[in-house]
Amino acid sequence: MLDVKDPTVQEALRRASEEAGLPDYLRSCVYPLLRNPEGDWSPCCGGGCQPCSATLADVAVRTLELLGTPRLSPVPV
């Protein structure tokens, strides 16, 4: 399980969030995805939610890439 409080993880998450335009105050919404990188992630429901689960997944995938541990499971569409 990834330690989301680790400074290296926090820096990768910060960078990925900035790239995706995810505000600072929503970064903690990505923690469950990072803690379970190969788990079942919810797809976008099309309901206009903020933050959209697709955006959270994008940030999590990019964070994992920046950490050198990319997700192996397909991301739900």
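Provided above is the structure to which this section pertains.
On a predicted model such as this, the values are computed, not experimentally measured, just so you know. (Residues numbered from 1 in each chain as written. Predicted model: local features only at pLDDT ≥ 70, side-chain atom pairs only at ≥ 80, totals over all residues. Heavy atoms only, no water.)

Here we look at the packing of aromatic side chains
Here comes step 1: Per the stated rule, a full pass over the model turns up zero aromatic pairs.
Here comes step 2: Its guanidinium or amino end placed over the ring of W41, R71 lies 3.9 Å from that ring's centre, counting from NZ or CZ. (Phe/Tyr/Trp six-rings, centres within 6.5 Å; stacked < 30°, edge-to-face > 60°. Lys NZ or Arg CZ within 6 Å of the ring centre and 35° of its normal.)

A short note on helix α3 (residues 53-66)
Here comes step 1: If you check α3, its first and last C-alpha atoms are 20 Å apart, about what 14 residues at 1.5 Å a residue would give, namely 20 Å.
Here comes step 2: Of the surrounding elements, those touching the buried residues of α3 are α1 (7-20) and α2 (31-35).
Here comes step 3: Phi turns positive one or two residues past the end of α3, at G68, with a value near 80°. (Helix = DSSP H or I, 4+ residues; strand = E, 2+ residues; numbered from the N terminus. Expected span 1.5 Å × (residues − 1). Contact = heavy atoms within 4.5 Å.)

Remarks on the nonpolar core
Here comes step 1: Core analysis: the largest hydrophobic core is formed by 17 residues, its most contacted members being L13, L22, V30, L34, W41, V59 and A60.
Here comes step 2: Sorting elements by how many residues they give to this core places α3 first, with six residues. (Core = buried A, V, L, I, M, F, W, Y, C linked by side-chain atoms within 4.5 Å. Buried < 20%, exposed > 50% of the residue type's maximum accessible area, 1.4 Å probe, protein only.)

Looking at the state of the cysteines
Covalently bonding the sulfur atom of one cysteine to the sulfur atom of another cysteine gives a disulfide.
Here comes step 1: Within the structure shown, the criterion is met by zero disulfides.
Here comes step 2: For the unlinked cysteine C29, the closest cysteine sulfur is that of C49, found at 12 Å.
Here comes step 3: Cysteine C49 remains unbridged, with the sulfur of C45 as its closest cysteine sulfur at 3.7 Å.
Here comes step 4: Assessed through its relative accessible area of 41%, C49 is described here as partly exposed. (Disulfide = S-S within 2.5 Å.)

Focus: the packing of α1 against α3
Here comes step 1: Where α1 contacts α3, the two axes come as close as 8 Å, and the packing angle between them is 135°. Relative to α3, the element α1 lies oblique. Two packed elements cross with a definite hand, and for α1 against α3 that hand is right-handed. Between α1, through V9, A12, L13, R15, A16, S17, E19 and A20, and α3, the contact on the second element is made entirely by V59, R62, T63 and L66.
Here comes step 2: Taken together, the residues of the contact of α1 with α3 break down into seven nonpolar, two polar and three charged. (Axes fitted to C-alpha atoms, helices over the stretch in contact; angles between N-to-C directions. Parallel < 35°, antiparallel > 145°, perpendicular 65-115°, else oblique. Left-handed = near helix turned anticlockwise from the far one by under 90°. Nonpolar A, V, L, I, M, F, W, Y, C, P; charged D, E, K, R; others polar.)

Here we look at the pattern of salt bridges
Here comes step 1: Tallied over the full model, the rule gives six salt bridges.
Here comes step 2: Residues R14 and E11 are paired through a salt bridge, measuring 2.4 Å at the closest nitrogen-oxygen approach. A residue pair is termed a helical-turn pair when its members lie 3 or 4 positions apart in one helix, as R14 and E11 do in helix α1 at three residues.
Here comes step 3: Given the relative accessible area of 40%, E11 is considered partly exposed.
Here comes step 4: Members of the salt-bridge network, linked through shared partners, are R15, E19, R62 and E65. (Salt bridge = Lys/Arg side-chain N within 4 Å of Asp/Glu carboxyl O.)

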